[in-house]
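The chain contents come next:
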Amino acid sequence: MATALLSSVHGGSGMEWSAGIEKRVALVNAALRPIAEEPVDVGDPDWEERMRERPCAMDEAGVRAEAEAVLRAVLTAYADGDEDLRIFLRGLFEHYTAFRWAVHLPFEPTPEGFRLRLLHMSAVDQGSDTRDELLALRDLCEDARQAGIDIGPCLREVAELSSRVDKYGMGSTRDILLRTAR
């Protein structure tokens, strides 16, 4: 049961941990929301260059350390928890969209680094557009292959933790990861 797991890993009850992690996600989300929702003037001929030159949203908001720590805690719980906990954590990414958009971990070219990024993709559960996630998965797998990582085992492991719900008609996150593993 997730409650027992969270009590032993994080101290306190599972409900206390869940409320605490949601509060931390909400705080990071609130700091990132103005950046995430800031309009982009695509009529400006230099808009693309301005976007490239802009600092990472976590840095601009001054929340990188907390954001990455919260994300690592969420991903650890996601990997170690039961399906009820994973559903709750997917819901955090669904609800806190600025957090989902801006908070990412750097790719570490190791099997564990690849697995962590796959866990993040699984928890995001296709976000608001499966096509974006498919492109990100393709790039991530290419980076992992170039680092000499055997991607199949990690993809299959994370697929088993992933949602089986076909949210947008392109397959469930589980199905997408399993197809990629082939």
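In the block above lies the structure referred to throughout.
Below you will find a few notes about this structure.

Rules used throughout
- Residues numbered from 1 in each chain as written.
- Predicted model: local features only at pLDDT ≥ 70, side-chain atom pairs only at ≥ 80, totals over all residues.
- Heavy atoms only, no water.
- Buried < 20%, exposed > 50% of the residue type's maximum accessible area, 1.4 Å probe, protein only.
- Helix = DSSP H or I, 4+ residues; strand = E, 2+ residues; numbered from the N terminus.
- Contact = heavy atoms within 4.5 Å.
- Core = buried A, V, L, I, M, F, W, Y, C linked by side-chain atoms within 4.5 Å.
- Salt bridge = Lys/Arg side-chain N within 4 Å of Asp/Glu carboxyl O.

Along helix α10 (residues 151–161), the positions that sit buried rather than exposed are Ile151, Gly152, Cys154, Leu155, Val158, Ala159 and Leu161. For α10, the secondary structure elements touched by its buried residues are α5 (64–80), α6 (83–95), α8 (111–124), α9 (130–146) and α11 (173–181).

This part covers the nonpolar core. Ranked by internal contacts, the top residues of the largest apolar core, which has 50 residues, are Phe99, Phe114, Leu118 and Leu155. Looking at which element gives the most residues to this core, the answer is α5, with nine residues. For Phe99, the residues in contact, after removing those within four places along its chain, are Val25, Val28, Asn29, Leu32, Ala67, Val70, Leu71 and Phe93.

This part covers the pattern of salt bridges. Enumeration according to the criterion identifies 18 salt bridges in this entry. The residue Glu142 makes a salt bridge to Arg145 at a minimum N-O spacing of 3.9 Å. With Glu142 and Arg145 both in helix α9 and three residues apart, the pair spans about one turn of that helix. The network of salt bridges with common partners includes Glu38, Arg54 and Glu60.

Time to look at the side chain of Arg115. Here Arg115 is to be found in helix α8. The class for Arg115 is buried, based on a relative accessible area of 17%. With sequence-adjacent residues up to four places away left out, Arg115 is seen in contact with Ala79, Cys154, Glu157 and Val158.

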